[in-house]
Amino acid sequence: MNQLQLFLPCAAGVEDFLADEAQRITGVPALQRSRGGVTLEASWRDALKLNLYSRLAQRVLVRLWHGPYRSEDDLYRAATDVAWEIWFTPKQTIKVELTAQHSPLQSLNFAALKIKDAVCDRFRDKRGERPSVDTQRPDVRLFAHLTAETLTLYIDTTGEPLFKRGWREDKGDAPLKETLAAAMIAATGWDTLAREAATLADIPPLVDPCCGSGTVPIEAAQIALNIAPGGERRFAFEKLLPYQPHVWYALHDEARQAERPWPEGHPPIVFGSDVSFRMVDFAQRNAARAHVAQAIELRGGDALQR
């Protein structure tokens, strides 16, 4: 596909780290760093790579329309102008999710409904049938964002948020999102040291004395071993029309081949402990599923004593 405008939402305060990460993954500098996200122009292949490799983005969205609005009718006209039929078919289910900042519209639910109606009406006119809505497990997620004056329409390539890496089955009462754990590591600069180290022995140790179910140690160990965070999960782009399986399989194989093998007998480089031995057990099981158990040493005990 031609160049796309991609928007990568993230936690507030992570934008600079995400812009650097996105450029490292795609080779493309960010067009804009706004509060809560980064915008860049990149290819469809880059969108797949960002889903596979990004540790800091929450999603990878393709921007399809941006412009002014004043009423719900303007939203309908804008959504009607988008060529949704090049992205998915009426056989697939959809969901429209809408966010707003200072929008003058009275009902955001009604605004989302107008956008959904426009999408369905365009399919009826172009293909003779309308897609169905599934609010629980849709095939395709459409995102709309309203400011006081502008509307932006996106199609999602991610599906479940990117913090869901696929390895955390055991978790405590207040688990730390993997994307936030990765941002904490990025803020220390340790991730850069780990990536640039010539050997595992050159990587400085990382210690988390309150590791809970192991989110920070596991993220760190995967960074050290160059394991792609999206390698164990499925994505929404697999259900979109531009998807070509051979392109995705090639990217996936490339990521596997770039992983650092763990030398037998090498001491751990990441250390974690928690006062709850139950959480340490959770962390050990999660580390095994994330393929980094050998790189991490986990123990129970009081952080002050450690």
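Everything that follows concerns the structure shown earlier in this document.
Residues numbered from 1 in each chain as written. Predicted model: local features only at pLDDT ≥ 70, side-chain atom pairs only at ≥ 80, totals over all residues. Heavy atoms only, no water.

(A) Spotlight on the overall build of the chain. Secondary structure summary: the chain contains nine helices and 10 strands in total. Against the globule reference of 19 Å for 306 residues, the chain gives a C-alpha radius of gyration of 21 Å, in line with a compact fold. Across the 306 residues in the chain, those meeting the buried criterion constitute 53%. In the chain, the share of contacts with a sequence separation of at least 24, taken over all contacts with a separation of at least 6, comes to 78%. With the model as given, the accessible surface of the chain reaches about 14900 Å², and the carbon-plus-sulfur share is 49%. The distance from the centre of the 37 positive side-chain charges to the centre of the 40 negative ones in the chain is 4 Å. (Helix = DSSP H or I, 4+ residues; strand = E, 2+ residues; numbered from the N terminus. Rg over C-alpha atoms; globule rule 2.2 N^0.38 Å. Buried < 20%, exposed > 50% of the residue type's maximum accessible area, 1.4 Å probe, protein only. Contact = heavy atoms within 4.5 Å. Areas by Shrake-Rupley, 256 points an atom, 1.4 Å probe, with all protein chains shown as cover. Lys, Arg positive; Asp, Glu negative; His and termini not counted. Charge placed at Lys NZ, Arg CZ, Asp CG, Glu CD.)

(B) The arrangement of the packing of aromatic side chains in detail. Here the structure, examined in full by the defined rule, presents eight aromatic pairs. Judged by centre distance (5.7 Å) and plane angle (80°), the rings of Phe-235 and Trp-248 are edge-to-face. Remark: Trp-248 occurs in helix α8 (residues 245–257) and Phe-235 occurs in the loop between α7 (215–224) and α8; sequence separation between them is 13 residues. With respect to burial, Phe-235 and Trp-248 carry one shared label: buried. Considering the side-chain rings of Phe-237 and Trp-248, the 5.0 Å spacing of their centres and the 70° angle between planes classify their relative orientation as edge-to-face. Residue Phe-237 is found in the loop between α7 and α8, and its partner Trp-248 is found in helix α8; the two are separated by 11 residues along the sequence. Trp-248 carries the same exposure label as Phe-237, and that label is buried. (Phe/Tyr/Trp six-rings, centres within 6.5 Å; stacked < 30°, edge-to-face > 60°.)

(C) A look at the packing of helix α2 (residues 44–53) against α8. Across the interface, α2 lies against α8 with an axial gap of 11 Å and an inter-helix angle of 40°. Taken together, the axes of α2 and α8 are oblique relative to one another. Judged by the sense of rotation from one axis to the other, the crossing of α2 with α8 is right-handed. From α2, Arg-45, Leu-48, Lys-49, Leu-52 and Tyr-53 reach across to α8, where they touch Val-247, Trp-248, Leu-251, His-252, Glu-254 and Ala-255. A breakdown of the residues in the contact of α2 with α8 according to their chemical character gives seven nonpolar, one polar and three charged. (Axes fitted to C-alpha atoms, helices over the stretch in contact; angles between N-to-C directions. Parallel < 35°, antiparallel > 145°, perpendicular 65-115°, else oblique. Left-handed = near helix turned anticlockwise from the far one by under 90°. Nonpolar A, V, L, I, M, F, W, Y, C, P; charged D, E, K, R; others polar.)

(D) Here's a closer look at the environment of Pro-245. By secondary structure assignment, the location of Pro-245 is in helix α8. Taking the relative accessible area as the measure of exposure, Pro-245 reaches 36% and is therefore partly exposed. Residues Pro-245 and Gln-222 lie 23 residues apart in sequence; the distance between their C-alpha atoms is 25 Å.

(E) Seen up close, the pattern of salt bridges. One pass over the full model with this rule turns up 24 salt bridges. For Glu-97, the salt bridge identified is with Arg-141, shortest N-O distance 2.8 Å. Pair noted here: Glu-97 is in strand β5 (residues 94–100) and Arg-141 is in strand β6 (residues 140–146), with a separation of 44 residues, a long-range link. The class for Glu-97 is partly exposed, based on a relative accessible area of 22%. Among the salt bridges present, the one from Lys-239 reaches Asp-139, with a minimum N-O distance of 3.0 Å. Highlighted residues: Lys-239 in the loop between α7 and α8 and Asp-139 in the loop between α4 (108–127) and β6, separated in sequence by 100 residues. Each of the salt bridges in this network shares a partner with another, and the network as a whole consists of Asp-121, Arg-124, Asp-125 and Arg-130. (Salt bridge = Lys/Arg side-chain N within 4 Å of Asp/Glu carboxyl O.)

(F) A look at the sheet that holds strand β10 (residues 296–300). Spatially, three strands are ordered β8-β9-β10 in an open sheet, and the strand pairing comes out parallel. Of all strands in the sheet, those bounded by a partner on one side alone are β8 (206–208) and β10. Recorded for the sheet is a direction-independent mean angle of 15° between the axes of neighbouring strands. In terms of strand pairing, β8 meets strand β9 (residues 270–274) through three bridges, oriented parallel. Note on β9: the bridge partner recorded for Val-207 is Phe-271. Relative to the sheet, helix α9 (residues 277–289) contacts β9 and β10, its axis offset from that of β10 by approximately 165°. (Pairing = 2+ DSSP bridges.)

(G) A look at the nonpolar core. One finds Leu-6, Phe-88, Ile-115 and Leu-151 to be the most contacted residues of the largest nonpolar core, which totals 60 residues. Broken down by element, the residue count for this core peaks at seven residues, all from α4. The residues touching Leu-151, leaving out its near neighbours within four places in the chain, are Trp-65, His-66, Gly-67, Tyr-69, Leu-75, Ala-78, Ile-115, Ala-144, His-145 and Leu-146. Judged by nonpolar contacts, the second largest core, of 29 residues, contains Ala-181, Trp-190, Leu-200 and Ala-224. (Core = buried A, V, L, I, M, F, W, Y, C linked by side-chain atoms within 4.5 Å.)

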